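Summary of structural features
Here are the chains, one letter per residue:
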Number of protein chains: 2
Amino acid sequence: MDTRPIGVFDSGLGGLTFVKEFERLLPREKIVYFGDTGRVPYGTKGRDTIIKYALQDIRFLKSFDVKAIVIACGTVSSVAFGEAAASADVPIISVVKPTAGAAARCTKTERIGVLGTSATIGSGAYKKAILELMPDAEIKSRACPLFVPLVENGYFRRDNQLARLAAHEYLDEFSGDVDTLIMGCTHYPLLRGVIQDILPGITLVDAGLETAKATVKMLEQNDLLSGKGGGTRYFVSDSTDDFARLASIFLEHPVADMVEKVEIEKY
Amino acid sequence: MDTRPIGVFDSGLGGLTFVKEFERLLPREKIVYFGDTGRVPYGTKGRDTIIKYALQDIRFLKSFDVKAIVIACGTVSSVAFGEAAASADVPIISVVKPTAGAAARCTKTERIGVLGTSATIGSGAYKKAILELMPDAEIKSRACPLFVPLVENGYFRRDNQLARLAAHEYLDEFSGDVDTLIMGCTHYPLLRGVIQDILPGITLVDAGLETAKATVKMLEQNDLLSGKGGGTRYFVSDSTDDFARLASIFLEHPVADMVEKVEIEKY
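Residues numbered from 1 in each chain as written. Chains lettered and ligands numbered in written order. Predicted model: local features only at pLDDT ≥ 70, side-chain atom pairs only at ≥ 80, totals over all residues. Heavy atoms only, no water.

Regarding the interface of chain A and chain B
Applied cut-off: Whether two residues are in contact is decided by their heavy atoms: any pair within 4.5 Å suffices. A 1.4 Å probe defines the accessible area here, and the buried area is the portion of it lost by two parts on being joined, summed over both. Salt bridges, as used here, are contacts in which a Lys or Arg side-chain nitrogen is within 4 Å of a carboxyl oxygen on Asp or Glu. In protein, a polar contact requires one atom able to donate a hydrogen and another able to accept it; more generally it is a pair of N or O atoms within 3.5 Å, and residues adjacent in sequence count only if both atoms are side-chain atoms. By definition, any uninterrupted DSSP run of H or I lasting at least four residues is a helix, any uninterrupted run of E lasting at least two residues is a strand, and each is numbered from the N terminus. Under this grouping Gly is polar, as are all residues other than the nonpolar Ala, Val, Leu, Ile, Met, Phe, Trp, Tyr, Cys and Pro and the charged Asp, Glu, Lys and Arg.
Taken together, the contact between chain A and chain B spans 30 residues of the former and 31 residues of the latter. For the pair chain A and chain B, the summed buried surface comes to about 2,400 Å²; carbon and sulfur atoms form 52% of the total. A per-residue breakdown of the area chain A buries against chain B is headed by Leu146, Leu162 and Glu265 of chain A, which together make up 21% of the total. Applying the counting criterion to the chain A and chain B interface returns four salt bridges. Between glutamate 263 of chain B and lysine 52 of chain A there is a salt bridge; the shortest N-O distance is 3.0 Å. Inspection of the region where chain A meets chain B yields 14 residue pairs in polar contact (both at pLDDT 80 or more). Broken down by element, the residue count for the side of chain A that touches chain B peaks at six residues, all from helix H9 (residues 161-171) of chain A. By residue class, the composition of the side of chain A that touches chain B is 12 nonpolar, nine polar and nine charged.

A few points about the nonpolar core
Rules: For the purposes of this section, nonpolar cores are sets of buried Ala, Val, Leu, Ile, Met, Phe, Trp, Tyr and Cys residues that join through side-chain atoms within 4.5 Å. The buried label goes to any residue with under 20% of its type's maximum accessible area, the exposed label to any with over 50%, and the partly exposed label to all in between, with areas taken from a 1.4 Å probe on protein chains only.
Core analysis: the largest hydrophobic core is formed by 119 residues, its most contacted members being Leu16, Phe147 and Leu171 of chain A together with Leu16, Phe147 and Leu171 of chain B. Every residue in contact with phenylalanine 147 of chain A, bar those within four places of it in the chain, is listed here: Leu115, Ala166, Ala167, Tyr170, Tyr188, Leu191 and Ile195 of chain A.

Here we look at the layout of surface pockets
Rolled over the atoms, a probe sized like a water molecule indicates the empty space that remains. Quick reminder of the rule: A cavity here means a set of 1 Å grid points, computed over protein atoms only, where a 1.4 Å probe fits but cannot escape. A pocket is an open set with protein on both sides within 12 Å along at least 5 of 7 lines, and lining residues have an atom within 4 Å of a point. Grid points are joined across faces, edges and corners, and a volume is the space filled by probe spheres set on the points.
Reported here for the largest pocket is a volume of approximately 890 Å³. Along the walls of the largest pocket sit 42 residues, with Val40 and Pro41 of chain A together with Pro41, Thr44 and Pro149 of chain B positioned nearest its centre.

Considering empty space enclosed by the protein
Residues and elements named next belong to chain A. Stated formally: Each domain's extent was defined by an automatic or database domain assignment.
Considering all chains together, one arrives at five cavities of 30 Å³ or more under this definition. The space that makes up the largest cavity amounts to roughly 50 Å³. Lining the largest cavity are Pro41, Gly43, Thr44, Thr117, Ser118, Cys144, Pro145, Val148, Pro149 and Tyr188. Of the residues belonging to the lining of the largest cavity, the class tally is six nonpolar, four polar and no charged. Both domain 1 (6-94 + 210-266) and domain 2 (96-207) contribute no fewer than three residues apiece to the lining of the largest cavity.

Focus on the sheet that holds strand S2 (residues 30-35) of chain B
Residues and elements named next belong to chain B. Note the threshold: By this definition, two strands are paired if DSSP reports at least two bridges between them. Lines fitted to C-alpha atoms define the axes here, with helix axes fitted over just the stretch in contact, and angles between the N-to-C directions of these axes take values from 0 to 180 degrees.
The six strands lie next to each other as S4-S3-S1-S2-S9-S10, forming an open sheet whose pairing is parallel. Edge positions in the sheet fall to strand S4 (92-94) and strand S10 (259-261), since each has one partner strand and no second. The sheet shows a mean angle of 20° between the axes of neighbouring strands, taken without regard to direction. As paired strands, strand S3 (residues 68-71) and S4 are joined by three bridges and run parallel to one another. Along S4, the bridge assignment pairs valine 70 with isoleucine 93. On top of the sheet, helix H2 (residues 47-62) reaches strand S1 (6-10), S2, S3, S4 and strand S9 (231-236); it is set at about 155° to S1, its chief contact. Sitting on the sheet, helix H12 (residues 240-251) touches S2, S9 and S10, and the angle it makes with S10 is about 150°.

Re the side chain of glutamate 210 of chain B
The residue glutamate 210 of chain B is located in helix H11 (residues 207-221) in this model. When near neighbours in sequence (up to four residues on either side) are disregarded, glutamate 210 of chain B contacts Pro98, Thr99, Ala102, Arg105 and Val205 of chain B.

Overview of the packing of helix H5 (residues 96-106) of chain B against helix H7 (residues 125-133) of chain B
Residue and element names in this part refer to chain B. Selection criterion: Note on terminology: angles under 35 degrees are roughly parallel, angles over 145 are roughly antiparallel, angles of 65 to 115 are roughly perpendicular, and the others are oblique. It is the rotation of the near helix from the far one that decides the hand of a crossing: anticlockwise by less than a right angle makes it left-handed, clockwise makes it right-handed.
Running from N to C, H5 and H7 point in directions that differ by 50°, and their axes come no closer than 9 Å. Put simply, H5 runs oblique to H7. Considering the relative orientation of H5 and H7, their crossing is right-handed. Here H5 contributes Val96, Thr99, Ala100, Gly101 and Ala104 to the contact with H7, which in turn contributes Ala125, Tyr126, Ala129, Ile130 and Leu133. For the contact of H5 with H7, the class distribution of residues is eight nonpolar, two polar and no charged.

Re the relation of the copies chain A and chain B
To keep things clear, this is the line we draw: Copy-to-copy superposition: least squares on the C-alpha atoms, limited to residues that have pLDDT of at least 70 in both copies.
Mapping chain A onto chain B calls for a screw motion: a turn of 180° about the axis and a shift of 0.0 Å along it, with 0.0 Å RMSD after fitting. Those values place the two copies in the arrangement expected of a two-fold rotation axis. Using C-alpha coordinates, one finds that chain A approaches the rotation axis most closely at arginine 39 of chain A, a distance of 2.3 Å.

Here is the structure:
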């Protein structure tokens, strides 16, 4: 039994898709969440910048004596996993492998789509992970650079006109082409309703959910489960109020008292 | 005669709308430009974060012994002008006053629209500046939080479908209502063609252009004109390549060799 918290980070709100699923699966684990809302988005930025930010995020989480770290960010997982793992000193998990594995299990046609940020798609990380499991798979990837700004501005509801228009622009080309589509950025499951409306027959693979399941397994295998306690502390690098408002909508419970601000560039 | 450079900053590419006009008006002035591309956008972030970033940007520019500072960013101009001016030690100009003044001169109906980032519109700065000049003006404001991500991702050409869709969402309500519309964020003039197509009869006021004209006047009045030399150095906090590519498209001349990277959080 290990009652230390796990550390989770993302560029902003996206990692909450992991938190929501993980809290459901293992309510007795403590979480320290960091959302880098002062520097969001990551996925349109360059490799050096993404690595620098990821290492600061990890140094911050390590100050809580975390027992494991979850990179709940598709961009960091794709672009900076090696650097992140080398600096972590504790078991670390990224969204790419669990999500690619789930897609390979789901597809019947071996035709898989991947959505991600510009940095994620540019890295080819999902494609590589799928091909390791399923060498004959055909993979079609698409960068969706407006999805993170849409989510971070609260434009993620099914009836939001701008979200629907952007989704059509990015997704129409997948219709009838792939049977399985990876939402490879943890922000995207907030747009699940919008995406599913455009591609009703497709199986959507949720990076947040798959990573939550893989994290449970990793904690079990490393004998790191807690079994008592629980609760999540949230840290952000921008306004706590804005984060608390959107996080409460998404998580469907209030978080206002649990959000604190951190000067992340000091780490 | 004062051959020192002027310092110009923005969250990213937007301030180039100032640079383009200013270089045309005064080709013999040296410019040091900083675009905070590692932390862009500013306009969706909180007041404290915007102030912190603005003060770092100014400290960086001051390291070049600049003779004046131009806040070529609608968000900083609206939210943090007082703090910025207090830290500058040299003449400083923001986009709000010159742009509000131009709108007040242009309107015939005294019905003026204002577009800006969420932070800019939330501050009410343009509205206040217009009402000081024209107390009976009717002002209709609209935050356009997707315009900066669109521009920073290169989606600003007239035929770009996503830019057109977002512009319809934000602008349709202005049709037939106002005769003059302030593009109150320096990114927005890159979308001028898209905006004008939707509102063909309206006079668009360009924060970059108006601030360039006001800066010329300010340099003249303070006896700070150079009259020899010229040239612009560009600094960014993210990848120099991405900036150089988009900046070259917008400025219509190559800038690749002139872009350098800076660790802005050290200032």
